[in-house]
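Chain by chain, the residues:
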Amino acid sequence: MDKKKIAGDKAAEFVKDGMIVGLGTGSTAYHVVNAVGEMVKNGLKIKAVPTSKATEEQARALGIPLLTIDEVDYIDIDIDGVDEIDPQFNAIKGGGGALYREKVVADISKEVIWIMDESKLVDAIGTFPLAVEIAQYGYKQTMQKMTDFGLKPVLRIRDEKPYITDNGNFIADLQLGAGFDIADVAKKLTGMVGVLEHGLFLNTCKKIVVGTDNGAIIKENPAK
């Protein structure tokens with residue numbers, strides 16, 4: 001039983017005719033894109049904004065009509081996965097490298113839904129590394145600043161080379177450990193020269209959809 005698919009299929013039910021939809025990135029979001037593609041094939045009329053080149057290619061192949069971020073003023077609903085989320089709906093995202101575009105899309109969305117399997121539910125975020133998108137130019141200096149703050153950055157490497165995001169930047173993965181001071185880390189990263197965006201998505205979602213062996217569980221965020 002694919003819990004990620006269970007969550008993705010359930011979340012797709014919140015997509016309605018006429019909506020502008022944010023389509024997330026990653027192994028769980030992959031399933032919601034497939035589900036929305038099937039709905040479009042069956043007559044659903046929507047337009048979608050993808051959060052990565054990979055999602056754009058997947059959506060295009062499924063015949064989902066696409067818009068760029070610059071063509072929209074708002075998004076009706078954004079559905080995306082998370083790497084970890086705590087009981088206060090604070091999430092870490094960025095394992096798939098799309099955190100900047102994901103944050104831009106979430107920021108202009110009327111409703112945000114995070115989808116996941118139950119392994120992503122944690123008491124305190126931080127076991128999963130916190131992704132930070134940083135400029136290539138001066139990246140060593142930016143890494144040093146983060147090191148000086150005690151944030152334990154590790155440059156993300158793929159195929160023996162620095163991983164490059166869709167925006168042409170590097171990613172530093174912070175090895176913070178569960179229970180780190182969220183507000184303090186966010187404050188240190190915000191405005192740091194060389195940092196484009198970090199993967200802390202704090203109290204962003206209206207609800208979460210969790211795939212379990214017994215089907216999908218929906219949890220509403222009371223703060224939203």
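Values in this document were obtained by computation on a predicted structure and should not be read as measured data.

Conventions used here
Residues numbered from 1 in each chain as written. Predicted model: local features only at pLDDT ≥ 70, side-chain atom pairs only at ≥ 80, totals over all residues. Heavy atoms only, no water. Buried < 20%, exposed > 50% of the residue type's maximum accessible area, 1.4 Å probe, protein only. Helix = DSSP H or I, 4+ residues; strand = E, 2+ residues; numbered from the N terminus. Arc of directions from axis to C-beta. Axes fitted to C-alpha atoms, helices over the stretch in contact; angles between N-to-C directions. Parallel < 35°, antiparallel > 145°, perpendicular 65-115°, else oblique. Left-handed = near helix turned anticlockwise from the far one by under 90°. Contact = heavy atoms within 4.5 Å. Phe/Tyr/Trp six-rings, centres within 6.5 Å; stacked < 30°, edge-to-face > 60°. Lys NZ or Arg CZ within 6 Å of the ring centre and 35° of its normal. Pairing = 2+ DSSP bridges. UniProt positions renumbered as here; feature names shortened; annotations may be inferred. Nonpolar A, V, L, I, M, F, W, Y, C, P; charged D, E, K, R; others polar.

## Notes on helix H4 (residues 99-107)
Thought 1: Buried residues of H4: Leu99, Glu102, Lys103, Val105 and Ala106, and no others. In a view along the axis of H4, the buried residues occupy a sector of 165 degrees, so they form one face of it.

## As for the packing of helix H2 (residues 29-41) against helix H3 (residues 53-61)
Thought 1: As a packed pair, H2 and H3 sit with axes 9 Å apart at the nearest point and diverge in direction by 25 degrees. On the basis of their axis angle, the class for H2 and H3 is roughly parallel. Regarding H2 and H3, the two cross each other, and that crossing is right-handed. Along the contact surface, H2 presents Tyr30, Val33 and Asn34, while H3 presents Thr55, Gln58 and Ala59.

## Re the packing of aromatic side chains
Thought 1: Evaluated as defined, the whole model comprises 2 aromatic pairs.
Thought 2: Ring geometry for Trp114 against Phe201: centres 5.8 Å apart, planes inclined by 80 degrees, an arrangement best described as edge-to-face. You can see Trp114 sitting in strand S6 (residues 109-117) and its partner Phe201 sitting in strand S13 (residues 200-202), a full 87 residues away along the chain. Take Trp114 and Phe201: they sit in the same class, and that class is buried.
Thought 3: Seen from their ring centres, Tyr139 and Phe170 are 5.0 Å apart, and the 85 degrees between their planes marks the pair as edge-to-face. On the criterion of sequence distance, the pair formed by Tyr139 in helix H5 (residues 139-148) and Phe170 in strand S11 (residues 170-174) is long-range, its members being 31 residues apart.
Thought 4: Residue Tyr139 is classed as partly exposed on the basis of its relative accessible area of 22%.
Thought 5: Cation over ring: Lys103 sits above Phe201, and NZ or CZ is 4.8 Å from the ring centre.

## Section: the sheet that holds strand S1 (residues 20-23)
Thought 1: The strand order across the open sheet formed by 6 strands is S2-S1-S3-S6-S14-S15, and the pairing between neighbours is mixed. Each edge of the sheet is formed by a strand with only one pairing partner; in this case those strands are strand S2 (47-50) and strand S15 (215-220). Between one strand axis and the next, the sheet turns through 20 degrees on average, direction left out of account.
Thought 2: For S6 and strand S14 (residues 207-212), the ladder comprises 5 bridges, and the chain directions are parallel. Directly across from Ile115, in S14, lies its bridge partner Val209.
Thought 3: Those strands touched by H2 are S1, strand S3 (75-81) and S6, and its axis lies near 135 degrees from that of S3.

## Quick word on the UniProt feature "active site" (unreviewed entry) in the protein
Thought 1: As annotated by UniProt and renumbered to match this structure, "active site" (unreviewed entry) occupies Glu102.
Thought 2: Tracing the chain through its elements places Glu102 in helix H4.
Thought 3: Apart from residues no more than four positions distant in its own chain, Glu102 is found in contact with Thr25, Thr51, Asp78, Asp80, Lys93, Gly94 and Phe201.

## Details of the packing of helix H1 (residues 3-12) against H2
Thought 1: Remark: H1 packs on H2, axes separated minimally by 8 Å, with the N-to-C direction vectors making an angle of 45 degrees. One way to sum up the angle between H1 and H2 is to call them oblique. Viewed along their axes, H1 and H2 form a crossing whose handedness is right-handed. Counted together, Lys4, Lys5, Gly8, Asp9, Ala11 and Ala12 of H1 and His31, Val32, Ala35, Val36 and Met39 of H2 form the full contact between these two elements.
Thought 2: Looking at side-chain class alone, the contact of H1 with H2 contains 6 nonpolar, 2 polar and 3 charged residues.

## Some details on the environment of Ile182
Thought 1: Following the sequence through the fold, Ile182 ends up in helix H6 (residues 182-189).
Thought 2: A C-alpha to C-alpha distance of 12 Å links Ile182 and His198, two positions 16 residues apart in sequence.

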